[in-house]
Amino acid sequence: MEDGRIPLETGRAERSVWLMKCPPVVSRSWQSSAASTDPSNPNPVVSKVVLSLDPLRPDDPSSLQFKMEMAQMDSGNTPKSYTLNMFKDFVPMCVFSESNQGKFSLEGKVEHKFDMELHSENFGDYGKLCRERTNKAMIKTRQVQVIDNDRGVLMRPMPGMVGLVPSGSKDKKKLTPTKGSDAKRTRRDRNELENIIFKLFERQPNWALKQLVQETDQPEQFLKEILNDLCVYNKRGPNQGTHELKPEYKKSTEEADNS
């Protein structure tokens, strides 16, 4: 112990051990049995394995069939019989354990590996079990909590909370649906959008960006790219913050109107 090495108990190193992949319902049953062990029965029987073979082919491994029957299972529709599918090709493995005192032991080497699956005779019970789980999951459990402060202070809107309007307020406003985000807007053909913009500037000479976004229903960034080519942005003056057509495009639209 002084050199940092931990002794390993190897008295059961040659013992044959089975490695099984089991369903959660089986694992929970075994764990509950281990947790509620009777001192007078430290090793309770949790299941039994039934081995079937063809007497005409006793030496043929393919004729072997393994079936596990649970000895202690929950009542109701919990399946009790399982088929064990044996695998021959797997990486050699050993099983180790650690006691509560920190003692490590080699419990044996894995000789057989199995996958557990539901036996055909329990298909009906398993179907009922699945329906029971579904029905339980659909039941909504409500909880009642007693509030110590019965004056309702905790239920009052705090300062700065948005969207809470007293029921008797005369300043209620109807909620209006807002336009979707730019991600939901679909880009038009560029030439088609340019014609729409020219039509809008025939109605009025100056437009704000937000107005054009609403009128065209186009992504803001895409609309900005076209406005940079067609319009001039007014940074000051009476039309500050609006767009108007460049002089060359104003002439073309005026000529189109005169014609």
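It should be emphasised that the depicted structure is a prediction, and the values quoted were computed from it without experimental measurement. (Residues numbered from 1 in each chain as written. Predicted model: local features only at pLDDT ≥ 70, side-chain atom pairs only at ≥ 80, totals over all residues. Heavy atoms only, no water.)

## Considerations on the overall build of the chain
Selection rule: We count a stretch as a helix when DSSP gives it H or I for four or more residues in a row; a strand needs E for two or more, and each element gets its number in order from the N terminus. Accessible area is worked out with a 1.4 Å probe on protein chains only. A residue is then buried under 20% of its type maximum, exposed over 50%, and partly exposed in between. Residue contacts are counted whenever heavy atoms from the two residues lie within 4.5 Å of one another. The method behind every accessible area is Shrake-Rupley, applied with a 1.4 Å probe, and residues are considered shielded solely by the protein chains displayed.
When its secondary structure is counted, the chain shows six helices and nine strands. Looking at the chain residue by residue over its 259 residues, the buried ones come to 22%. Partitioning the contacts of the chain with sequence separation of at least 6, the portion at a separation of at least 24 is 58%. On the chain, roughly 20,500 Å² of surface is accessible, and the fraction owed to carbon and sulfur atoms is 51%.

## Here's the deal with the side chain of N206
Worth spelling out the cut-off: Each polar contact in these results corresponds to two N or O atoms within 3.5 Å; when the atoms are within protein, one needs to be able to donate a hydrogen and the other to accept it, and residues that are neighboring in sequence are counted only if both atoms are side-chain atoms.
With respect to the helices, strands and loops of the structure, N206 is situated in the loop between α3 (190-203) and α4 (209-216). Polar contacts involving the side chain of N206 include one to the side chain of T242, which spans 3.4 Å. Look past the residues within four positions of N206 in its chain and what remains in contact with it is N234, N239, T242, H243 and E244.

## Observations concerning the confidence of the model for the chain
Rules: A residue's pLDDT is simply how confident the predictor is in it, with values from 0 to 100.
On average, residues of the chain score 77 in pLDDT, and 74% of them reach the 70 mark or higher. Residue range residues 171-177 is modelled with pLDDT below 50. Its contacts to residues more than four positions away, or to other chains, number three contacts.

## Points about the packing of aromatic side chains
We describe a pair of aromatic rings using the distance from one ring centre to the other and the angle between the two ring planes. Which entries qualify depends on this criterion: Working definition: rings of Phe, Tyr and Trp (its six-membered ring) pair if their centres are within 6.5 Å, and the pair is stacked with planes under 30 degrees apart, edge-to-face with planes over 60 apart, and tilted otherwise.
Scanning the entire structure with this criterion turns up four aromatic pairs. Arranged with centres 5.8 Å apart and planes meeting at 90°, the rings of W18 and F66 form a pair that is edge-to-face. Residue W18 is found in strand β2 (residues 16-21), and its partner F66 is found in strand β4 (residues 65-70); the two are separated by 48 residues along the sequence. Under the relative-accessibility criterion, W18 is labelled partly exposed at 36%.

## Observations concerning the nonpolar core
Applicable threshold: For this analysis, a nonpolar core means a set of buried residues of the types Ala, Val, Leu, Ile, Met, Phe, Trp, Tyr and Cys, connected via side-chain atoms within 4.5 Å.
I197, L223 and L227 are the most contacted members of the largest nonpolar core, which totals 16 residues. Among the secondary structure elements, those contributing two or more residues to this core are α3, α4 and α5 (220-230). Leaving out residues up to four positions away in the same chain, L223 has contacts with L193, I197, L209, L212, V213 and T216. Judged by nonpolar contacts, the second largest core, of ten residues, contains V25, V26, Y82 and F114.

## Topic: α4
Applicable threshold: Along the arc lie the directions from the helix axis toward the C-beta atoms.
Of all the residues in α4, the buried ones are L209, L212, V213 and T216. Down the axis, α4 shows its buried residues gathered within 105° of arc, on one side only. What points out from α4, more than 90 degrees from its buried face, is the exposed set K210 and Q214. Tucked into the core, α4 has its buried residues touching α3, α5 and β9 (243-245). After α4 finishes, the residue D217 shows a positive phi value of roughly 55°.

## Examining a nonpolar patch on the surface
In plain terms, the rule: Patches draw on residues past 30% relative accessible area with no salt bridge. Two like charges within 9 Å are joined, as are two nonpolar side chains (Val, Leu, Ile, Met, Phe, Trp, Tyr) within 5 Å. Salt bridge criterion: a side-chain nitrogen from Lys or Arg within 4 Å of a carboxyl oxygen from Asp or Glu.
On the surface, a cluster of nonpolar side chains totalling about 250 Å² of accessible area is made up of L19, V91 and M93. Tracing the chain through its elements places L19 in strand β2.

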